[in-house]
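Each chain, letter by letter, is given below.
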Amino acid sequence: MISLAMIVKNEEKYLARCLRSAAAMVDEIIVVDTGSTDQTREIALECGAKLFHFEWCDDFSAARNYALKQASGDWLLVLDADEYFVEESADAIRAFTRSTSRRIGLIEIVSKFVEDGHTFEGIHSNPRLFPRGVTYEGRIHEQPTPILPMVETGLRLLHDGYYMTDKSDRNIPLLLKALKDKPGSAYLNFQLGRQYQGMKQHELAVQYLEKAYALFRQTDPVALENITELLQAYTKCKRYDKAMELAGDEVARLEYSPDFCFAVGQFLLDYAIDSQDYSVIENIENSYLKCLELGRRGVPETVVGSSTFLAAYNLAVFYESIGNRSEAQRYYALSASYGYEPAVERAKG
């Protein structure tokens, strides 16, 4: 038996879409409301959920664990209201839960976000399907425990709750509280740095991302993401000496991370323009070419397009800036072939 367990507050905009996308994939729907003042509770009941109330206490794990306790399933699926399945995947979930081994299922989540006026998509695999007995820990950005083997399920969710929405007023106070309890947490420092990065408070982002960088082990799952965020923060702050040092220390990651290659290309391009140091031109070109090479090899990316249309577009802009119009048009055309609108417009020229 599979139970869907959710916590919600004022999610009338999204909840029905989420529940309807998952209804055929689970045997039971548990919705725990933490203080809604809109139609969330009514929508949950209309969609066949068992509805409970939890008094919010600034702790996502406490609320999630309460929801898990209300569920009767042998397996628990955890979703947020602003997520939804793009296709019915009951067979995939059933196949995963038929296993006799205790393991945690990773679900690929595609999230929209806006940066510098452009819409992008990020991809992360999150632990969302697990056997009874697993609980959560952490005030915010909570994680399942005990740590069991993590296995990809092949399932995919779309997530648009952060698109054109700022949740920093909620997240930052909780992250600061959590960090006060665990000041040596690399993960919390990373999350706080990333939050400030999203708010364009790049100096504060550097402060926390540097702490995380010093604390992470090289093998930690989000260590690479922290390095990429830190390189981007240094670039935004125009701290090019620190960015150069970081890129040099982590140069080996150019061989397997499109996102890091892309960030290096961005940094070197900004540095060249600001410093008028054109000795790095070949490195800029090679960074974006490496992104495309990794994409052809099927290396996974975190930001959708960093190994395809975004890299091709930036490479085209680079070639245009140095007067190589034929190569610029070639890469605008490549980027446009993915339907990337800015490239489609430039390719017409």
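Residues numbered from 1 in each chain as written. Predicted model: local features only at pLDDT ≥ 70, side-chain atom pairs only at ≥ 80, totals over all residues. Heavy atoms only, no water.

**Q** Just to check I follow, could you spell out helix α11 (residues 281-296) for this structure?
**A** The α-helix advances 3.6 residues per turn, and as a result positions three or four apart in sequence lie on the same side. Under the 1.5 Å per step criterion, the end-to-end length of α11 is 23 Å for 16 residues, consistent within 8% with the ideal 22 Å. The complete set of buried residues in α11 reads I284, S287, Y288, K290, C291, L292 and L294. Looking at the buried positions of α11, the neighbouring elements they touch are α10 (258-275), α12 (309-321) and α13 (325-336). A positive backbone phi angle near 80° is found at G298, which sits one or two residues after α11. (Helix = DSSP H or I, 4+ residues; strand = E, 2+ residues; numbered from the N terminus. Expected span 1.5 Å × (residues − 1). Buried < 20%, exposed > 50% of the residue type's maximum accessible area, 1.4 Å probe, protein only. Contact = heavy atoms within 4.5 Å.)

**Q** What is the right way to look at the pairing of strand β3 (residues 50-53) in this model?
**A** A regular strand places its side chains so that they alternate between the two faces of the sheet. Bridge count for strand β2 (residues 28-33) against β3 is four bridges, and the pairing is parallel. Bridged to V32 within β3 is F52. Between β2 and its parallel partner β3, the chain crosses via helix α2 (residues 40-46), and the hand of that crossover is right-handed. (Pairing = 2+ DSSP bridges. Right-handed = clockwise from strand over helix to strand, strands pointing away.)

**Q** Please explain the side chain of D220 as it appears in this structure.
**A** Structurally, the position occupied by D220 is in the loop between α7 (202-215) and α8 (223-236). You can call D220 buried: its relative accessible area is 15%.

**Q** Explanation requested: the packing of aromatic side chains in the structure shown.
**A** Aromatic rings considered in pairs are described by the distance between their centres and by the relative angle of their planes. Tallied over the full model, the rule gives 17 aromatic pairs. Pairing F130 with Y136 gives two aromatic rings, centres 5.8 Å apart and planes at 75°, and the pair type is edge-to-face. Taking relative accessible area as the criterion, Y136 reaches 7% and is therefore assigned buried. Arranged with centres 5.1 Å apart and planes meeting at 40°, the rings of F309 and Y340 form a pair that is tilted. Taken together, the positions of F309 in helix α12 and Y340 in the loop between α13 and α14 (341-348) put the pair 31 residues apart, joining distant regions of the chain. (Phe/Tyr/Trp six-rings, centres within 6.5 Å; stacked < 30°, edge-to-face > 60°.)

**Q** Explain the packing of helix α6 (residues 186-198) against α8 to me, please; I cannot follow it from the model alone.
**A** How two helices sit against one another is set out by the angle between their axes and by the gap between those axes. Axis separation between α6 and α8 bottoms out at 11 Å; the angle between their running directions is 35°. Where α6 crosses over α8, the handedness of that crossing is left-handed. Contacts between α6 and α8 pair F190, R194 and Q197 from the former with E225, N226, E229, Q232 and A233 from the latter. Split by residue class, the contact of α6 with α8 holds two nonpolar, three polar and three charged. (Axes fitted to C-alpha atoms, helices over the stretch in contact; angles between N-to-C directions. Left-handed = near helix turned anticlockwise from the far one by under 90°. Nonpolar A, V, L, I, M, F, W, Y, C, P; charged D, E, K, R; others polar.)

**Q** Would you explain the pairing of β2 in this entry?
**A** Burial runs high along β2: six of the six residues are buried. Because side chains alternate across β2, one face comprises the buried residues E28, I30 and V32, and the other comprises I29, V31 and D33, equally buried. Of the pairings in the sheet, the one linking strand β1 (residues 2-8) to β2 comprises six bridges and is parallel in character. Residue V8 lies in a different strand from β2, and its bridge partner there is D33. Chirality of the crossover, the property in question, places the unit of β1, helix α1 (residues 15-22) and β2 among those that are right-handed.

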